[in-house]
Amino acid sequence: VSPIDDVLGTRIDAGFIGSCTNARLDDLRAAADILRGRRLAAGVRLIIAPVSRRVFNQALADGTIAALSEAGATFIPPGCGPCVGTHEGVPGDGEVVISTANRNFQGRMGNPNAQIYLASPAVVAASALAGAIADPAEVAR
């Protein structure tokens, strides 16, 4: 565990919001609030796996999904996925990912040659905008 100040500015290739944790409606809304009306940094992917179909549908109904999609996010089905390396979104060798998954260890996202940082949905969204690990307060409008 490190304070965000220790890793600010670390370049990222991708962000992931999802898994069985940190993809609830409030989490998706927090990311959408940061991304609304903006675009992801060039070359950065943002993959989102809502915690359930019910949450996805709620976020669809209230405009959260639209805000995330318009920013450049990609959605995958709810449930297990990139955090355990069994779905779309497995990082390539040398890639750096910032993720909302609940655990981290070498190879956690399916590739032991990738670097994974864990963070809140707001930090993941801010980082996807900046192209590097960023403090959400620093990218606020």
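My aim in this report is to walk through the structure given alongside it, one point at a time.

### Here's the deal with the overall build of the chain
And step 1. On a plain count of helices and strands, the chain comes out with 5 helices and 5 strands.
And step 2. Starting at the N terminus and walking to the C terminus, you meet the elements of the chain as β-α-β-α-α-β-β-β-α-α.
And step 3. For the chain, buried positions account for 47% of its 141 residues.
And step 4. Restricting the contact set of the chain to residue pairs at least 6 apart, pairs at least 24 apart contribute 70%.
And step 5. Of the roughly 6,700 Å² of accessible surface on the chain, 50% is carried by carbon and sulfur atoms.

### A word on the pairing of strand 4 (residues 96-99)
Each regular strand carries side chains that alternate between the two faces of the sheet.
And step 1. On strand 4, burial covers both faces: V96 and I98 on one face and V97 and S99 on the other are all buried.
And step 2. As judged from the 3 bridges shared by strand 1 (residues 14-18) and strand 4, these two strands associate in the parallel manner. Its bridge partner being in strand 4, F16 is matched across the sheet by S99.

### Looking at the nonpolar core
And step 1. Residues I17, L28, I34, L35, L46, I48 and L68 are the most contacted members of the largest nonpolar core, which totals 33 residues.
And step 2. Apart from residues lying up to four places away in sequence, L46 is in contact with G15, F16, I17, L35, L40, A73, T74, V124 and A128.

### Describing the layout of surface pockets
Empty space left among the atoms is revealed by rolling a probe the size of a water molecule over them.
And step 1. Looking at the largest pocket, its volume works out to about 230 Å³.
And step 2. Around the largest pocket sit V1, S2, I4, V7, I98, Y117, L118, A119, V123 and I133, which together line it.
And step 3. For the lining of the largest pocket, the residue count by class is 9 nonpolar, 1 polar and no charged.

### Some remarks on the side chain of D13
And step 1. Looking at the secondary structure, you find D13 in the segment before strand 1.
And step 2. Assessed through its relative accessible area of 15%, D13 is described here as buried.
And step 3. Of note is the side chain of D13, whose polar atom sits 2.7 Å from the side chain of R11.
And step 4. Look past the residues within four positions of D13 in its chain and what remains in contact with it is G43, V44, R45, G94, E95 and V96.

### A short note on the side chain of E95
And step 1. Secondary-structure assignment places E95 in the loop between strand 3 (74-75) and strand 4.
And step 2. Of the polar contacts made by the side chain of E95, one reaches the side chain of R45; its length is 3.0 Å.

### Brief notes about the sheet that holds strand 3
And step 1. What the 5 strands build is an open sheet, ordered 3-2-1-4-5; its pairing is parallel. With partners counted over all chains shown, the strands left at the sheet margins are strand 3 and strand 5 (115-118), one partner each.
And step 2. With 5 bridges joining them, strand 1 and strand 2 (residues 45-49) adopt parallel strand pairing. Each bridged residue has a counterpart across the sheet, and for G15 the counterpart in strand 2 is L46.

What counts, and where the lines are drawn
- Residues numbered from 1 in each chain as written.
- Predicted model: local features only at pLDDT ≥ 70, side-chain atom pairs only at ≥ 80, totals over all residues.
- Heavy atoms only, no water.
- Helix = DSSP H or I, 4+ residues; strand = E, 2+ residues; numbered from the N terminus.
- Buried < 20%, exposed > 50% of the residue type's maximum accessible area, 1.4 Å probe, protein only.
- Contact = heavy atoms within 4.5 Å.
- Areas by Shrake-Rupley, 256 points an atom, 1.4 Å probe, with all protein chains shown as cover.
- Pairing = 2+ DSSP bridges.
- Core = buried A, V, L, I, M, F, W, Y, C linked by side-chain atoms within 4.5 Å.
- 1 Å grid on protein atoms, 1.4 Å probe; cavity = no way out; pocket = protein on both sides within 12 Å on 5 of 7 lines; lining within 4 Å.
- Points joined across faces, edges and corners; volume = space filled by probe spheres on them.
- Nonpolar A, V, L, I, M, F, W, Y, C, P; charged D, E, K, R; others polar.
- Polar contact = N/O pair within 3.5 Å; in protein donor to acceptor, adjacent residues only side chain to side chain.

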